[in-house]
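# Chain and residue survey
One-letter residues, chain by chain:
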Amino acid sequence: MAVMYDERLTAPRSWWLLPVAAGLSLALILLKFGAVPGLVGLLVGFVAAAAGLSSYGSARIRIVQGSLVAGQARIPVSALGEALPLDAAEAIAWRSSKADPRAFMLLRSYVRTALKVQVTDPADPTPYLYLSTRDPQALAAALDKARG
């Protein structure tokens, strides 16, 4: 399986303080029932929040075997048109005021840049894909290479 592009949209390191805060909060809530419930609350709160954060930050964008795989979506590159790299200001506009509700969005708020890819398949009601990516130019180049 030849992977032409692979990116994981991991959460920023600073966000990993959230599971610590969740664990401490649950520990404080359960501390009134004793030290053991407080310790269990610390562990359960931390593990649950870390699992949720890890799941949220595990989104991947890949180009493999003639398909663009973005999160749970798998789209053949033959059904895709022009890829437009978006800088931070354009990315904000396309995920807010310019957004089409029918568009597929793999959106991560902590990634400032994005790629907008037209969907050319007439049977697909999705007008475009909005993909948060740290390197929109490289993703656009990989899509062009996969099409050609």
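Going by the structure above, here's the rest.
Cut-offs applied
- Residues numbered from 1 in each chain as written.
- Predicted model: local features only at pLDDT ≥ 70, side-chain atom pairs only at ≥ 80, totals over all residues.
- Heavy atoms only, no water.
- Helix = DSSP H or I, 4+ residues; strand = E, 2+ residues; numbered from the N terminus.
- Buried < 20%, exposed > 50% of the residue type's maximum accessible area, 1.4 Å probe, protein only.
- Pairing = 2+ DSSP bridges.
- Axes fitted to C-alpha atoms, helices over the stretch in contact; angles between N-to-C directions.
- Contact = heavy atoms within 4.5 Å.
- Salt bridge = Lys/Arg side-chain N within 4 Å of Asp/Glu carboxyl O.

## A short note on unusual backbone geometry
Of note in this structure, Gln65 is not a glycine but carries a positive phi near 50 degrees. Among the structural elements, Gln65 can be located in the loop between strand S2 (60-64) and strand S3 (67-70). The class for Gln65 is exposed, based on a relative accessible area of 56%.

## Describing the sheet that holds strand S4 (residues 73-76)
One open sheet holds the 4 strands; their spatial order is S1-S2-S3-S4, and the pairing between them is antiparallel. With one partner strand each, in any of the chains shown, strand S1 (3-8) and S4 form the two edges of the open sheet. On average, each strand axis in the sheet is inclined to that of its neighbour by 10 degrees, with strand direction left out of account. Summarising the sheet, S2 and S3 pair through 4 bridges and their orientation is antiparallel. Each bridged residue has a counterpart across the sheet, and for Ile63 the counterpart in S3 is Leu68. Its contacts with the sheet put helix H4 (residues 136-147) on S1, S2 and S3, and the angle it makes with S1 is roughly 155 degrees.

## Examining the pairing of S2
Counting buried positions along S2 gives 4 out of 5 residues, so the element sits mostly inside the fold. One ladder, built from 5 bridges, connects S1 with S2; its direction is antiparallel. In the strand pairing of S2, Glu7 is matched with Ile61.

## Considerations on the pattern of salt bridges
Summed over all chains, the structure comprises 4 salt bridges. Here Asp6 makes a salt bridge to Arg60, at a shortest N to O gap of 2.4 Å. A residue pair is termed long-range when its members are at least 10 positions apart, and Asp6 in strand S1 and Arg60 in strand S2 qualify at 54 residues. Several salt bridges share partner residues, and in doing so they unite Asp6, Arg60 and Arg62 into one network.

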